[in-house]
Amino acid sequence: MAQSDEDDDYMNMVFEDAPKGPKYETSLQRAARKRKEGEARARQKTKAEREADAEAAREAALATALPETNKGFKMMAKFGFKQGDTLGKSEDARKEPIRVDMKGDKSGIGLESEKKRKFREQWAQAEREAKRSKEEEGDYVEIRRLEAKEKKAERDLDSAQRTAERLTEKEAEDKGTPQPADKPWKDVNLLWRTRARRRAVIMHEKQQRRELNNSLASRLPTLAAEDDDEEDDSKVAQGRDLAPFYTSLEDDFVDEDPDLAEFEALPVPERLQKLLTYLREKFHYCLYCGYQYPDAELEGCPGLTDEEHD
Amino acid sequence: MHDMAKRENNDDDSARVKRVKVEENGNGKMDPATNPYLSHLYDEQPSEYNGSNALSSFKRHATTTKQASRAEDGPNNAFTGRPLSSKYMSILKTRRGLPVHQQRDEFLKLYQESQILVFVGETGSGKTTQIPQFVLFDDLPNQNAQMVACTQPRRVAAMSVAQRVAEEMDVELGEEVGYSIRFEDKTGPNTILKYMTDGMLLREAMNDHNLTRYSTIILDEAHERTLATDILMGLLKEVVLRRKDLKLIIMSATLDATKFQKYFHNAPLLAVPGRTHPVEVFYTPAPERDYVEAALRTVLQIHATEPEGDILLFLTGEEEIEDACRKINLEAQDLSREGGAGPLVVYPLYGTLPPAQQQKIFNPAPPPTTPGGRPGRKCIVSTNIAETSLTIDGIVYVVDPGFSKQKVYNPRIRVESLLVSPISKASAQQRAGRAGRTRPGKCFRLYTEQAFKKELIEQTYPEILRSNLASTVLELKKLGVDDLVHFDLMDPPAPETLMRALEELNYLACLDDEGELTTLGSLASGFPLDPALAVMLITSPEFYCSNEILSLTALLSVPQVFVRPAANRKRADEMKELFAHPKGDHLTMLNVYHAFKGEEAQSNPKQWCHDHFLSYRALQQADNVRLQLKRIMEREELELMSTPFENKKYYENIQRALVAGFFMQVAKREGNGKAYVTVKDEQNVLLHPSTVLAEDSEWVIYNEFVLTTKNYIRTVTSVKPEWLMDISPNYYDLSQFKKGEIKQALLRVTQKLQRKEAEKGGRR
């Protein structure tokens, strides 16, 4: 019974090997193979290939310790040397030969590691960003709401500053003491001084561009455009890239005007609140009502903030 | 460390106190007639102050500075008894102004009390010239027919210091004071002070294990940690236990001498501060893209903007230095013409530069172009030989790119090469110190402070960690050191380095399988050569060409004989072509030597060498080395012979003899080009561009495996594979070979040989 069971067990059925080609290659096949092999051997490796081979072989050999079959090892074993031991009597003797580092160029000390460090930093930065975006995915709605609120506050701040500036100018004109157009931006009220400064920067930039175009760029008419990796200096000199000027102003600004820097460092809502208060007190103006009230009571205005106007 | 710090702080005071004390003695208690400073007033001197008798009252190891000074004052030479010259007197005055002199008392006290002493004195303190003389007056080696030895890492230093001290002692060089370096011994029966290379002392120890000829041994410049000094320290550590009468002084120029102290069972330490000025160190704000270019820029900037003072720039090698000199010269001329700076003279400095040109660095800086104009300046562009071994006064600015060429050895691929590598912090400090020799200076480091702290290792690796130890192991075996595994070295190398050395010596049949010295090994250790070269020389009579191999060995032991000036490369190559042998470089070099020894060349050898772009110095040196080696061969009764030149086997015999030494340095061509693969290590290599090899050569032996960004083999000669298996069957045991093309090729050769044998047998 068992016997027949076994016989019938098709699961154990053995298949004959699938038919193969002839056991020996034909003379034609052999000739073809030999020719191919010969060609592969005869082909001159390119210089780059050879160098890569040489380096790979060198690195492989440098990473391989001498085996215990080495005749020298046997002689040392006679004196009790074992794999992993060190020589001599001091505690901190070397275990491995000193690394061989080939220097292929004239780069100064620290350049290589500086490159590596920058690469690592970029990588870490990318990772941080990826992580952050993942975290935020959870409360997407909440974030969008906050973002929208922040943007609105920025817009409100901007219009509050514009209004304050306008009202101030209007007041001066009404009094018959119009402000000069070229009033230094540093003399403008701190609350909206940033507007004046921005205008000054743009003016300055325009002027620079004009001057450079008139002088250097016109003298170096064709040396432009095509080469991208020119030095920054020459780009600036040709008036093609004015970023350096902008940054230099940006940098100066903290030194020039610490008050403004301090003010600008405040969060948007706080600055906004300061302006709204100023407008109400000085001009009895409510930004959200869009109306200049006749007196300090501001009768009819529901309150200082946007929310109160809903 | 603690001791030293204290000494540094108190130095000025203690020195002053000491001087006062001496004067007191002189003025108060001393009879003016015995005052050595007044000796010229008293014609009738007591005999003990006269001539060599001056030393008769000296009690060995119990003398004082006072006694020694009296003997030094003369009027007769304490060691020769001859009257002292006026030149001697004027030198004596200078000597007494050297910093070490002020601590002679202290030195004597420690020297007398202790068997081993560590002495620290910066370059310029006078330690190398004075300490051995201080020792002479207390150790009195002449009484026991012994000598004082002072070792130097460099041949040139041993020679020049011996010359100087002979003058200081008013004796003939080679008499009381002499020197001994490889291939040159300038000492005599009267010699009591012997300057020698550390390698020479090691060789002497091979025949005199206890160094009984010496009463005191001074290891100078120990901080350089040469291979020989490290081995000597290991040996002497044992010898001092066997010979209680032997005194040992370890002298170092750097303050990290505590390591020496610890190694020598906490031996006492004496430090003499050098005369140095503060040096302000500047770093670059960011790493440099090209350190050579940055260096040139810095030098020119210093020249244009900094006040008077000479510049020292450290670069890595001859080619880089010559190139930099040319560029600085051009730029500086422009600057000077435009009136932006004074004149600038640039001097290169590297080891292979002829001595006459090396001397030029001591020329004073040029005067202003016009009277009252901007002052001139000199700029020295040097390898690290200006770091410790040479003192150039007037250097105020040092430019340090942070690199030097250092020897590296790796036992895994058996390559010993010079590679450009970052220096150590200790080296960087040493370089900076060079700016403060004459007055406060500035050091411009062409790397960031961050890089200095994080990228540079603390100390340069001692040579023993960077060398092939085959030669050293053979010497130690000959010295009777059997257990090399536990030999007490200050910095033991990696075990694989020893393993490889033992293996190589075994293949060369210098050691048997048990690691015992063979007869051949013992014989080979007697030659001041690499074991492979020694074995080649010893076995050369078997190939009927010992004369030729002797010449070749000499040629391989000296610097490159071919000169190839950058300005005249083509002409130099044409000249080399005259000597070229189609079979390769060894035979080409032999052709050069034979031509050099020919009648035409010998009528005016200097001119002949110049005309043929050959180094007269190198060839002369080779001639001298050959003579020395010949003497050893004669002593060992090794036959000198040649195959007749007409015999067609003349060159083949030489090639075979080369194989007997270099069978471990063989490469097989890969494909048809210049690409080769080394046998066993399987490294891809290229023939060095300087190679002369006209014939198609599948197998070559090479003298050197050079690592750069590419791997090169240099000094190459064609050989036949059957010779390899015939001459070194042990190394070419094919069962030990890795599978691959080389094994296949060698198998084919074996089969061919066997077939031939069979045919021969069949015919018989």
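Throughout, a residue's number is its position along its own chain's written sequence, starting from 1. The lettering of chains begins at A and the numbering of ligands begins at 1, in the order of writing. Restriction of local features to residues with pLDDT of at least 70 applies here, the model being predicted, together with a cutoff of 80 or more for giving and counting side-chain atom pairs; totals for whole chains, interfaces and linings are based on all residues. With hydrogens and water set aside, each side-chain value is computed from the structure's full complement of heavy atoms.

Student: I'd like a rundown of the interface of chain A and chain B, residues and numbers included.
Tutor: Whether two residues are in contact is decided by their heavy atoms, any of which lying within 4.5 Å being enough. Contact residues are listed per partner, giving 48 residues for chain A and 63 residues for chain B. Buried area, as used here, totals the accessible surface that two parts lose on assembly, with accessibility defined by a 1.4 Å probe and the loss added over both. Taken together, the two surfaces of chain A and chain B that pack against each other cover about 5100 Å², and 64% of this comes from carbon and sulfur. In this structure, the salt-bridge partner of Arg412(B) is Glu96(A), at a minimum N-O distance of 3.4 Å. N or O atoms closer than or at 3.5 Å make up a polar contact, with two conditions inside protein: a donor-capable atom paired with an acceptor-capable one, and, for residues adjacent in sequence, both atoms drawn from side chains. Between chain A and chain B we count 15 residue pairs in polar contact (both at pLDDT 80 or more) in total. In DSSP terms, a helix is any run of H or I states spanning at least four residues, a strand is any run of E spanning at least two, and both are numbered starting from the N terminus. Looking at the side of chain A that touches chain B, the elements that each hand over two or more residues are helix H3 (47–62), helix H4 (71–77) and helix H5 (111–137) of chain A. Element by element, the count of residues in the side of chain A that touches chain B is highest for H3(A), at 8 residues. When grouped by side-chain class, the residues that make up the side of chain A that touches chain B number 20 nonpolar, 12 polar and 16 charged. Just to be clear on terms, a salt bridge is a Lys or Arg side-chain nitrogen sitting within 4 Å of an Asp or Glu carboxyl oxygen. Charged residues are taken to be Asp, Glu, Lys and Arg, nonpolar residues to be Ala, Val, Leu, Ile, Met, Phe, Trp, Tyr, Cys and Pro, and polar residues to be all remaining types, Gly included.

Student: Any details on the environment of Ser69(B)? Residues and values, ideally.
Tutor: Along the chain, Ser69(B) turns up in helix H2 (residues 65–73). Separated by 65 residues in sequence, Ser69(B) and Phe134(B) have C-alpha atoms that sit 9.9 Å apart.

Student: Give me the lowdown on the domain arrangement of chain B, citing residues and values where you can.
Tutor: Residue and element names in this part refer to chain B. The domains assigned to chain B are domain 1 (65–272), domain 2 (279–462), domain 3 (469–651) and domain 4 (664–762). One C-alpha centre belongs to domain 2, the other to domain 3, and the line joining them spans 35 Å. Facing the 10 residues of domain 2 at the interface are 7 residues of domain 3. For the pair domain 2 and domain 3, the summed buried surface comes to about 740 Å²; carbon and sulfur atoms form 49% of the total. What fixes the domain bounds is an automatic or database domain assignment.

Student: Any chance you could break down helix H19 (residues 546–556) of chain B for me, citing the residues and the numbers?
Tutor: Residues and elements named next belong to chain B. With 10 of 11 residues buried, H19 is to be regarded as a mostly interior element. Each residue is placed in one exposure class: buried if its accessible area under a 1.4 Å probe, protein chains only, is under 20% of its type's maximum, exposed if it is over 50%, and partly exposed if it falls in between. If you check which residues of H19 are buried, you get Ser546, Glu548, Ile549, Leu550, Ser551, Leu552, Thr553, Ala554, Leu555 and Leu556. Where H19 is buried, its residues touch helix H18 (531–539), helix H21 (585–597), helix H24 (616–635), helix H25 (650–662), strand S20 (699–707) and strand S21 (711–719).

Student: With reference to specific residues and values, describe the packing of aromatic side chains.
Tutor: Residue and element names in this part refer to chain B. A pair of Phe, Tyr and Trp rings is counted when the ring centres sit within 6.5 Å of each other, with Trp represented by its six-membered ring. The angle between the planes then sorts it: under 30 degrees is stacked, over 60 is edge-to-face, the rest tilted. Within this structure, the stated rule accounts for 22 aromatic pairs over all chains. Each ring, one from Tyr507 and one from Tyr731, has its centre 4.8 Å from the other, and the planes form 90°; the classification is edge-to-face. With Tyr507 in helix H16 (residues 495–507) and Tyr731 in the loop between helix H26 (721–727) and helix H27 (741–763), this pair connects stretches of sequence that are 224 residues apart. We classify Tyr507 as buried; its relative accessible area is 13%. Taking relative accessible area as the criterion, Tyr731 reaches 4% and is therefore assigned buried. The rings of Tyr507, Phe663, Tyr731, Tyr732 and Phe737 are connected pair by pair, giving a single aromatic cluster. Counted as over-ring charges are cases with an Arg CZ or a Lys NZ within 6 Å of the ring centre that also lie within 35 degrees of the ring normal. When the ring centre of Phe562 is taken as origin, the NZ or CZ atom of Lys576, which lies over that ring, is 4.5 Å away. One residue, Lys680, lies across the ring of Tyr731, its end atom 4.0 Å from the ring centre.

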